[in-house]
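Below are the chains, spelled out letter by letter.
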Amino acid sequence: MSQSNFTTTTSNNNNNRNKRSSSSTTYTSPPPPTTTTTTGGGGGTAHFSGMKKAKSQAVSCSLDNNNNKNGFQHHQFDTNSDPSSMIEDPTENNDGGGRSSSGSGFTANLARKKATPPQPAKKLVIKLLKAKPTLPTNFEENTWAILKSAISAIFLKQPDPCDLEKLYQAVNDLCLHKMGGSLYQRIERECEAHISAALQSLVGQSEDLVVFLSLVQKTWQDFCDQMLMIRGIALYLDRTYVKQTPTVRSLWDMGLQLFRKHLSLASEVEHKTVFGLLKMIESERLGEAVDRTLLNHLLKMFTALGIYSESFEKPFLECTSEFYAAEGVRYMQYSDVPDFLKHVEGFMMLMDGNRTQDLRRMYVLFSRVNALESLRQALSAYIRKTGQGIVMDEEKDKDMVFSLLEFKVSLDKIWEDSFSKNDIFCNTIKEAFEHLINLRQNRPAELIAKFLDEKLRAGNKGKDVFEAFYKKDLAKRLLLGKSASIDAEKSMISKLKTECGSQFTNKLEGMFKDIELSKEINESFKQSSQARTKLPSGIELSVHVLTTGYWPTYPPMDVRLPHELNVYQDIFKEFYLSKYSGRRLMWQNSLGHCVLKAEFPKGKKELAVSLFQTVVLMLFNDAQKLSFQDIKDATSIEDKELRRTLQSLACGKIRVLQKIPKGREVDDNDSFMFNDAFTAPLYRIKVNAIQLKETVEENASTTERVFQDRQYQVDAAIVRIMKTRKVLSHTLLITELFQQLKFPIKPVDLKKRIESLIDREYLERDKSNPQIYNYLA
């Protein structure tokens, strides 16, 4: 994860870089060595090779004796010698006296040293020859032969001796040498020949329509697989030549165009396919079982080829109209009016039966023909008709609100599962319910108020259970930033305070105070000297400081944090304790969440993850593959939590890691790898769905905490009664407790609390009668 940046409630971040780079091999024909020979005074020859461009260069006479890394070979000359005698102007071929510049000439020049006045130093000018690289003979034809053989093998489903790396390299070579256009045309011609042959082979095939459709589907599936393989081999062609040439289709689109072209040329195949599909649909309408998977695949083929509307939709709608027109006539001829009306009221029947899949199918069909308004009106009419029966029945007023809530729940499920959460349909449901509530003046509103009063009023038997679960869910919303509106949250607290009293909402209000105070603490921390001088760079951290008594109890969960995160926590702790002496900070790792910047080969992403997910992912900055045990040892995360964390990273929709072997459950022998192929359309991705999902254990834990809180109330009630009565029999004490306690409790649990108070010497059994208790002052 390159330059990781986390924003977390209790945790931290990291700026390690994940050293991942993709490598590619580029082939170029080696250019012929370019050599310039310069004859100097000593007859030495300097060779200069490996130059990329021919460019004049000046070389001074003070040269190093060592060969440098660019391949230049230098000669060192005697510094007492005259520079003019050491380097000649390359335009002169001799010394002016008709003698060549040989070894003897070198000596003669030395002899004339004293007589010749010093001359200005001349420079050696090196001119390199320009030479274009040459390709091997028949390079293009030989390279194409390799690719053609591979493409033919793919279409014929035969093994090809050439490995994929060599095929990739062949495509790269042709593209790099400006042969991409020719390669594209060759691939197109080769694909067209095979696609044409495949579709022509379907002409005159089986008269059994289902068998024929299966052959068409197999041909289409083979084509898709084959084009994907060819596109994979020629991916470099798609990314260079095709991308740079606006008039050229991608290889995949080129394949679709060829399939569409030859399907239209094989008109018998196209018409027979359409006819077979219409027959399958008609058979299903008549109640026969058909292969829906085959039907679905072929319809997707028409859609992918872009001929659905033209080739299929028009005859489909015509056949549909004819079918239902004929069915209407038939029912009118052979059925009486009531039976006919029951038959045409299909929507009502589907809604009453909660048949979400069938309603989904109806929704998709209506949306294709722009007829959703008709479906929306039918939904509105259904809600009003059904709801009217609930609201207007005065004999069932007692159950009216409960029945309306059940009805609303079923409608919400249908809206989500069948109507694609369409906002228009959501508003329709809302408007229909507003109509229902106003059907009877005042009465529905009165019953709703009484219903809420029963649920929330002081002394209600489920009040403490409601408080515990509400507090748990509110804590998640506040700490994870999932609340839709803080104003709405505070409004709800205000209403609860009005209904249940300030004692009921004291802890809830304290939670909001902690959140607001934490914002001030974080701002103060950012301005502190500790933050300015000690914090590691590239990291941002936000901390919620929570008062233990206000919030739900969270079990401590250990985790071995990366060094940078530990440093950040220590600096914040130093700051906080210097400002608030006498307090103790305990980090709740299970509540931490981070925003992690990650670099994947296919692009940079921001991952919204939990602290545990962050710690696991950061291990892969330094390793490509880790076993489950390696991760467990490195992070020290509790076993069950670690398995859930790895599931969310490697087994969910967002698979940042790859699990080996594949599977939904995480086993001890599993290994995990960084997912180099990860890609997603969005830049910011949320990966912590499993981390936030409420579990059965969490519900049980909340219920257990409610029972623990009730124990104190039971104990207080027992002591209060016994303090007043001094002596009381077991039966009378239990009866008194049932009258005073505001929640249901089993007699066996009451007996346990009495025994507990006896053990703690608040009560004692009467020595003459064990069923009588005495209060110990």
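Small disclaimer: the values here were computed from a predicted structure and weren't measured.

Caption draft 1: Spatial organisation of the overall build of the chain. Looking only at helices and strands, the chain features 30 helices and eleven strands. When the 777 residues of the chain are sorted by exposure, 39% land in the buried category. Once local pairs closer than 6 in sequence are excluded, the contacts in the chain between residues at least 24 apart make up 69%. When the accessible surface of the chain is summed, it comes to about 45,800 Å², and 52% of that surface belongs to carbon and sulfur atoms.

Caption draft 2: Structural view of the sheet that holds strand S6 (residues 657-660). Pairing is antiparallel across the open sheet formed by three strands, whose spatial order is S5-S7-S6. Two strands lie at the open edges of the sheet, namely strand S5 (625-627) and S6, each paired on one side alone. On average, each strand axis in the sheet is inclined to that of its neighbour by 25 degrees, with strand direction left out of account. Across three bridges, S5 lies against strand S7 (residues 671-674) in antiparallel orientation. By the bridge assignment, leucine 626 is partnered in S7 with phenylalanine 672. Its contacts with the sheet place helix H26 (residues 639-650) against S6 and S7, and it is angled at close to 115 degrees to S6.

Caption draft 3: Broad picture of H26. If you check H26, its first and last C-alpha atoms are 16 Å apart, about what twelve residues at 1.5 Å a residue would give, namely 16 Å. Of all the residues in H26, the buried ones are Glu641, Leu642, Thr645, Leu646, Gln647, Ser648, Leu649 and Ala650. Measuring from the backbone nitrogen of lysine 640 back to the side-chain oxygen at the start of H26 gives 3.0 Å, which picks out glutamate 638 as the cap.

Caption draft 4: Representation of the confidence of the model for the chain in the model. Averaged over all residues, the pLDDT of the chain equals 77, while 76% of them reach at least 70. Scored below 50 in pLDDT, residues 1-114 shows 216 contacts in the model against residues more than four places distant or in partner chains.

Caption draft 5: Quick peek at the sheet that holds strand S10 (residues 763-765). Judged by pairing direction, the sheet is antiparallel, and its three strands sit side by side in the order S9-S11-S10 without closing on themselves. What marks the edges here is a single partner per strand, and that holds for strand S9 (727-729) and S10. Neighbouring strand axes in the sheet, compared pairwise and without regard to direction, differ in orientation by 30 degrees on average. By the bridge criterion, three bridges tie S10 to strand S11 (residues 772-775) in an arrangement that is antiparallel. Bridging across to S11, arginine 765 finds its partner in tyrosine 773. Of the strands in this sheet, S9 and S11 touch helix H29 (residues 730-740), which is tilted by about 90 degrees from S9.

Caption draft 6: Summary view of H29. Restricting attention to buried positions, one finds in H29 the residues His730, Leu733, Ile734 and Leu737. Buried positions in H29, seen along its axis, are confined to an arc of 100 degrees and lie on one side of it. Those residues of H29 that are exposed and aimed more than 90 degrees away from the buried face are Thr731 and Gln739.

Caption draft 7: Summary view of the pairing of S6. Where burial is concerned, the two faces of S6 differ: the one with Leu657 and Lys659 is buried and the one with Gln658 and Ile660 is not. Bridge count for S6 against S7 is four bridges, and the pairing is antiparallel. Residue leucine 657 lies in a different strand from S7, and its bridge partner there is phenylalanine 674.

Caption draft 8: Structural view of the side chain of serine 152. With respect to the helices, strands and loops of the structure, serine 152 is situated in helix H3 (residues 139-156). Among all residues touching serine 152, those that are not within four sequence positions of it are Glu190 and His194.

Caption draft 9: Here's a closer look at the environment of tyrosine 308. Residue position: tyrosine 308 is located in helix H11 (residues 308-334). Using a relative accessible area of 13% as the deciding quantity, one classes tyrosine 308 as buried. Discounting chain neighbours no more than four positions away, the residues touching tyrosine 308 are Leu299, Phe302, Thr303, Glu313 and Arg368.

Caption draft 10: Up close: the environment of valine 274. If you trace the backbone, valine 274 turns up in helix H9 (residues 267-285). Other than its neighbours up to four places away in sequence, valine 274 contacts Phe302, Ser311, Phe312 and Pro315.

Caption draft 11: Just the packing of helix H5 (residues 180-200) against helix H6 (residues 209-233), in detail. Orientation of H5 relative to H6, taken along the N-to-C sense of each, is 165 degrees, at an axis distance of 11 Å. Put simply, H5 runs roughly antiparallel to H6. The way H5 lies across H6 gives a crossing that is right-handed. Together, Ile187, Cys191, Ile195, Ala198 and Leu199 of H5 and Thr219, Phe223, Met227 and Ile230 of H6 make up the contact between the two elements. Of the residues assigned to the contact of H5 with H6, the class counts are eight nonpolar, one polar and no charged.

Caption draft 12: Summary view of the packing of aromatic side chains. Under the criterion given, the structure shown has 22 aromatic pairs. Plain terms: the ring middles of tyrosine 576 and tyrosine 580 are 4.8 Å apart, the flat faces sit at 35 degrees to each other, and that makes the pair tilted. Take tyrosine 576 and tyrosine 580: they sit in the same class, and that class is buried. Members of the aromatic cluster, connected to one another through ring pairs, are Phe525, Tyr568, Phe572, Phe575, Tyr576, Tyr580 and Trp587. Sitting over the ring of phenylalanine 212, lysine 272 keeps its end group 4.4 Å from the ring centre. Taking the ring centre of phenylalanine 323 as reference, the NZ or CZ of arginine 285 above it sits at 5.6 Å.

Caption draft 13: Representation of the packing of H5 against helix H8 (residues 251-265) within the structure. Across the interface, H5 lies against H8 with an axial gap of 9 Å and an inter-helix angle of 40 degrees. Judged by the twist between their axes, the crossing of H5 over H8 is right-handed. Side by side, H5 and H8 meet where Tyr184, Ile187, Glu188, Cys191, Glu192, Ile195, Ser196 and Leu199 of the first sit next to Leu251, Met254, Gly255, Leu258, Phe259, Lys261, His262 and Leu263 of the second. Grouping the amino acids of the contact of H5 with H8 by side-chain chemistry returns ten nonpolar, three polar and three charged.

Caption draft 14: Geometry of the nonpolar core. Counting 58 residues, the largest nonpolar core has Leu147, Ile187, Leu237 and Phe312 as the members making the most contacts within it. By residue number, the principal contributor to this core is H6, which donates nine residues. Among the nonpolar cores identified, the runner-up in size contains 34 residues, and Cys594, Leu607, Leu642 and Ile685 belong to it.

Caption draft 15: A look at the environment of phenylalanine 469. Mapping phenylalanine 469 onto the fold places it in helix H19 (residues 463-479). Residues phenylalanine 469 and proline 552, 83 residues apart in the sequence, show an inter-C-alpha distance of 9.4 Å.

Each value, and the rule that gives it
- Residues numbered from 1 in each chain as written.
- Predicted model: local features only at pLDDT ≥ 70, side-chain atom pairs only at ≥ 80, totals over all residues.
- Heavy atoms only, no water.
- Helix = DSSP H or I, 4+ residues; strand = E, 2+ residues; numbered from the N terminus.
- Buried < 20%, exposed > 50% of the residue type's maximum accessible area, 1.4 Å probe, protein only.
- Contact = heavy atoms within 4.5 Å.
- Areas by Shrake-Rupley, 256 points an atom, 1.4 Å probe, with all protein chains shown as cover.
- Pairing = 2+ DSSP bridges.
- Axes fitted to C-alpha atoms, helices over the stretch in contact; angles between N-to-C directions.
- Expected span 1.5 Å × (residues − 1).
- Polar contact = N/O pair within 3.5 Å; in protein donor to acceptor, adjacent residues only side chain to side chain.
- pLDDT = per-residue confidence, 0-100.
- Arc of directions from axis to C-beta.
- Parallel < 35°, antiparallel > 145°, perpendicular 65-115°, else oblique.
- Left-handed = near helix turned anticlockwise from the far one by under 90°.
- Nonpolar A, V, L, I, M, F, W, Y, C, P; charged D, E, K, R; others polar.
- Phe/Tyr/Trp six-rings, centres within 6.5 Å; stacked < 30°, edge-to-face > 60°.
- Lys NZ or Arg CZ within 6 Å of the ring centre and 35° of its normal.
- Core = buried A, V, L, I, M, F, W, Y, C linked by side-chain atoms within 4.5 Å.

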